[in-house]
Amino acid sequence: MMSKKKLFFLFALIFFGAMIYITYDISMRTTFPGSKPQLKERLLHGDKQQNDTAAVDSLDKVQFNDD
């Protein structure tokens, strides 16, 4: 039977391996904030990637039938 010390090190190794994997996965899905254009440049040129979908009023398109 494994001693408690060996069992602890096994669980610690699995835990740290999972933490390293999660850290790597998150870092590949996000961008570093320093790589984004500066705020003044975004304000002057506008952010072409973001579209304001709330600008369209959907209630204007709804027709109510008063019967």
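Let me sum up the structure you'll find in this document. (Residues numbered from 1 in each chain as written. Predicted model: local features only at pLDDT ≥ 70, side-chain atom pairs only at ≥ 80, totals over all residues. Heavy atoms only, no water.)

## Description of the overall build of the protein chain
Okay, step 1: Across its full length, the protein chain carries two helices and zero strands.
Okay, step 2: Buried positions account for 1% of the 67 residues belonging to the protein chain.
Okay, step 3: Taken as a whole, the protein chain presents about 7,400 Å² of accessible surface, with 63% of it coming from carbon and sulfur. (Helix = DSSP H or I, 4+ residues; strand = E, 2+ residues; numbered from the N terminus. Buried < 20%, exposed > 50% of the residue type's maximum accessible area, 1.4 Å probe, protein only. Areas by Shrake-Rupley, 256 points an atom, 1.4 Å probe, with all protein chains shown as cover.)

## Some details on the pattern of salt bridges
Okay, step 1: Inspection of every chain in the model, using the stated rule, returns one salt bridge.
Okay, step 2: For the salt bridge of Asp25 with Arg29, the shortest nitrogen-to-oxygen distance reads 3.1 Å. Residue Asp25 and its partner Arg29 are both found in helix α1 (residues 4-29); the two are separated by four residues, about one turn of the helix. (Salt bridge = Lys/Arg side-chain N within 4 Å of Asp/Glu carboxyl O.)

## Quick word on the packing of aromatic side chains
Okay, step 1: Inspection of the entire model under this criterion finds two aromatic pairs.
Okay, step 2: With centroids separated by 5.5 Å and ring planes inclined at 70°, the aromatic side chains of Phe15 and Phe16 adopt a geometry described as edge-to-face. (Phe/Tyr/Trp six-rings, centres within 6.5 Å; stacked < 30°, edge-to-face > 60°.)

## Structural notes on a nonpolar patch on the surface
Okay, step 1: A cluster of nonpolar residues, Phe15, Phe16, Met19, Tyr21, Ile22 and Ile26, forms a patch on the protein surface that exposes about 630 Å² of accessible area.
Okay, step 2: Locating Ile26 in the fold gives a position in helix α1. (Patch = residues over 30% accessible without salt bridge, like charges linked within 9 Å, V, L, I, M, F, W, Y side chains within 5 Å.)

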